[in-house]
Amino acid sequence: MRRIGVLVALPAEGRTLTRHRLRAGEPCRISASILVCRSGSGPLPARTAARRLLAAGAEALVSWGCAAALDPHLAAGDLVLPAAILDTDGTLVETHAGWRSWCTERVGEASFRVTSGILCTSPDIVQGTEAKHRLGRATGAVAVDMESGAVARTATEAGIPVIAIRAIADTVDLAIPDGVIRALQPDGHVGLGKLLTNLLLHPGEIPALLRLGHSFRAAQRTLHTMATLAQPDHFFGGRRSGAEAPASE
């Protein structure tokens, strides 16, 4: 049975997979064949966490969590199963076609849409509608996150399969409030004290915060569904560990 390493950036993303408490940078075995590691936000923590998953025995990697839409047709809760992941330096990594198709088939008639468009990685949060439009035009990507490029690059270097399973948490026209960005800690937690202080000073951000919360819950519902329908160990469960399973198809 092939061991699967799943990387999540945020505690809330981890809770869509497991009730285990995930410590930043520490792989946690949640089943006989699945390891999960919470990295915190950004490419560098993601690369470190991906390497720790490999050191713990992972033989395939999944980048799991939320993404921001660059395509205006994507709604909160829509699913991105990208055919390729664009890293911050312009490197394009193809995901495992068979594994991705298997996940798509599991979705069936779910209430959310699925796209296989390119997912790109940004070193920072992409803030505001115009910035999202610019990035989409420049890269051809339908969505962006901060970790998948590092996961894909690590998997490529190791010669193992990789996919990304990302749900849209903020649409093109939704700007993440500045208070949320300022309150986001390196390990992925949001500092509640900082957030509340900012809202007292800038109450005009409250409507955007409420909208973001609604969108994030839609993304979480999608990820919960995927955790139930498309468990990765089912795809690799019938294969022996080793190099006989291709990294791409």
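Before reading on, note that the structure itself is shown above.
Residues numbered from 1 in each chain as written. Predicted model: local features only at pLDDT ≥ 70, side-chain atom pairs only at ≥ 80, totals over all residues. Heavy atoms only, no water.

Draft legend 1. Looking closely at the packing of helix α2 (residues 43-55) against helix α5 (residues 148-158). Across the interface, α2 lies against α5 with an axial gap of 8 Å and an inter-helix angle of 40 degrees. For the element pair α2 and α5, the recorded crossing hand is right-handed. Contacts from Pro 43, Ala 46, Arg 47, Ala 50, Arg 51 and Leu 54 of α2 reach α5 at Ala 150, Val 151, Arg 153, Thr 154, Glu 157 and Ala 158. Among the residues forming the contact of α2 with α5, the class breakdown is seven nonpolar, one polar and four charged. (Axes fitted to C-alpha atoms, helices over the stretch in contact; angles between N-to-C directions. Helix = DSSP H or I, 4+ residues; strand = E, 2+ residues; numbered from the N terminus. Left-handed = near helix turned anticlockwise from the far one by under 90°. Contact = heavy atoms within 4.5 Å. Nonpolar A, V, L, I, M, F, W, Y, C, P; charged D, E, K, R; others polar.)

Draft legend 2. Expanded view of the pattern of salt bridges. Within the structure shown, the criterion is met by nine salt bridges. Taking the shortest distance from any N to any O, the salt bridge between Arg 153 and Asp 89 comes out at 2.6 Å. Of this pair, Arg 153 sits in helix α5 while Asp 89 sits in the loop between β6 (84-86) and β7 (92-94), and the two are 64 residues apart along the sequence. Taking the shortest distance from any N to any O, the salt bridge between Asp 145 and Arg 166 comes out at 2.9 Å. Within this pair, whereas Asp 145 is found in strand β10 (residues 143-145), its partner Arg 166 is found in strand β11 (residues 162-170), the two being separated by 21 residues in sequence. (Salt bridge = Lys/Arg side-chain N within 4 Å of Asp/Glu carboxyl O.)

Draft legend 3. Representation of helix α3 (residues 97-107) in the model. Listing the buried residues of α3 in full gives Ala 97, Gly 98, Trp 99, Arg 100, Trp 102, Cys 103 and Val 107. In the segment just after α3, Gly 108 is the residue with positive phi, at about 60 degrees. (Buried < 20%, exposed > 50% of the residue type's maximum accessible area, 1.4 Å probe, protein only.)

Draft legend 4. Expanded view of the environment of Ile 85. Positionally, Ile 85 belongs in strand β6. Take Ile 85: its relative accessible area is 1%, and that puts it in the buried class. Between the alpha carbons of Ile 85 and Val 162 there is a distance of 9.8 Å; along the sequence they are 77 residues apart. Excluding residues within four positions of it along the chain, Ile 85 makes contact with Thr 91, Leu 92, Val 93, Thr 95, Leu 119, Thr 121, Ser 148, Gly 149, Ala 152 and Ala 164.

Draft legend 5. Just the pairing of strand β1 (residues 4-8), in detail. Of all five residues in β1, five are buried; the element is thus mostly enclosed. Here β1 shows a buried face lined by Ile 4, Val 6 and Val 8 and a second buried face lined by Gly 5 and Leu 7. As paired strands, β1 and strand β4 (residues 60-69) are joined by four bridges and run parallel to one another. In the sheet register, Val 6 faces β4, and the bridge partner there is Val 62. (Pairing = 2+ DSSP bridges.)

Purely geometric stuff here, so don't read any function into it on its own.
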